[in-house]
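# Residue-level structural notes
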Amino acid sequence: MALRPIILHPDPRLKATCKPLTGIDRDIRHLADDMLETMYNAPGIGLAAPQVGVMSRLLVMDCVKEEGAEARPMVLINPEVTWTSEERNVYEEGCLSIPEQFADVERPAEVEVRWIGLDGEEKTERFDGLWATCVQHEIDHLDGRLFIDYLKPLRRQMITRKMVKLKREKERARL
Ligand code: K1U
Ligand code: ZN
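### A look at the site of ligand 1
Around ligand 1, a shell composed of 16 residues is seen, among which Ile-45, Gly-46, Gln-51, Leu-96 and Glu-138 lie nearest. Here Glu-138 contributes a side-chain N or O atom positioned 2.6 Å from an oxygen atom of ligand 1. Judged by its atoms lying within 2 Å of the grid points, ligand 1 is housed in the largest pocket. Those elements that place two or more of their residues in the shell around ligand 1 are strand E4 (88-93) and helix H2 (129-142). Of the residues that constitute the shell around ligand 1, the class distribution is 6 nonpolar, 7 polar and 3 charged.

Dropping the structure here:
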């Protein structure tokens, strides 16, 4: 297992639509392991393949936050939202590709998602609370959408400008 570098906004790979996976092989299992390690290390509660530069429809998440509670690492391949609740929920979201920036985003409070597991089996589950917010945020990544795309243009531009500056500073520090 290895940590993979997380791509920072703005980057064209974070704006692109990812391709469905057609099979599960050793490389995919390796990618999922690396993504879970990268997510826990960040630390984060989710991570989508394009955030590590892989343009495939795969995401990992674990929203168990309680101290001492058993972890629930999940790997979702080709996830699809099959139902959304009318009730909506506001959560202050962050993103590992947009560090230190947070904003309220309104989304359906509950969603049903269908996906393929690493065992090749189709699964369906209803998510609520933070799990619902996180799975929608991660599926958005697979469609090239970021949480800042839900904000007013001015706020989005301000965050993007800060990120351009941050990336420039990081690049300078690397040289
Ligand atoms: O996709 C990502 O960039 C990961 C992101 C997921 C997410 C956060 C908040 C709402 C929806 C989706 C993160 O994990 S940001 C870090 C974070 O939220 C967190 C980190 C440590 C403990 C608890 C939360
Ligand atoms: Zn994100």
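Alright, that's what it looks like, and here's the rest.
### Focus: the coordination of the zinc ion (ligand 2)
Distances from the zinc ion (ligand 2) to its protein donors, Cys-95 (SG), His-137 (NE2) and His-141 (NE2), fall at 2.1 to 2.3 Å. Linear spacing of the donor residues for the zinc ion (ligand 2) on their chain is C-x41-H-x3-H. Taken together, the residues span about one helical turn, with His-137 and His-141 both in helix H2 at a distance of 4 residues. His-137 sits in the buried class, given a relative accessible area of 9%.

### With respect to the layout of surface pockets
Estimated volume of the largest pocket: approximately 410 Å³. Those elements giving two or more residues to the lining of the largest pocket turn out to be E4 and H2. At 6 residues, the largest contribution of residues to the lining of the largest pocket is made by H2. The residue inventory of the lining of the largest pocket, partitioned by class, reads 10 nonpolar, 8 polar and 5 charged.

### Observations regarding the packing of aromatic side chains
Enumeration over the complete set of coordinates arrives at 2 aromatic pairs. The interplanar angle of 35° and the centroid separation of 6.0 Å between the aromatic rings of Trp-115 and Phe-127 together place this pair among those described as tilted. Of the two residues, Trp-115 is situated in strand E6 (residues 110-116) and Phe-127 in strand E7 (residues 122-128); the sequence distance between them amounts to 12 residues. Accessibility classification places Trp-115 together with Phe-127 in one group, the buried group. Each ring, one from Phe-127 and one from Trp-131, has its centre 6.3 Å from the other, and the planes form 20°; the classification is stacked. Each of the two residues, Phe-127 as well as Trp-131, counts as buried. The positively charged end of Arg-72 is found above the aromatic ring belonging to Trp-131, 5.6 Å away from the centroid. Lying over the aromatic face of Trp-83, Arg-126 brings its terminal NZ or CZ to 3.9 Å of the ring centre.

What counts as what
Residues numbered from 1 in each chain as written. Chains lettered and ligands numbered in written order. Predicted model: local features only at pLDDT ≥ 70, side-chain atom pairs only at ≥ 80, totals over all residues. Heavy atoms only, no water. Near = heavy atom within 4 Å. Polar contact = N/O pair within 3.5 Å; in protein donor to acceptor, adjacent residues only side chain to side chain. 1 Å grid on protein atoms, 1.4 Å probe; cavity = no way out; pocket = protein on both sides within 12 Å on 5 of 7 lines; lining within 4 Å. Sits in = over half its atoms within 2 Å of the grid points. Helix = DSSP H or I, 4+ residues; strand = E, 2+ residues; numbered from the N terminus. Nonpolar A, V, L, I, M, F, W, Y, C, P; charged D, E, K, R; others polar. Donors = N, O, S within 2.8 Å, 3.2 Å for Na, K, Ca; no water. Buried < 20%, exposed > 50% of the residue type's maximum accessible area, 1.4 Å probe, protein only. Points joined across faces, edges and corners; volume = space filled by probe spheres on them. Phe/Tyr/Trp six-rings, centres within 6.5 Å; stacked < 30°, edge-to-face > 60°. Lys NZ or Arg CZ within 6 Å of the ring centre and 35° of its normal.

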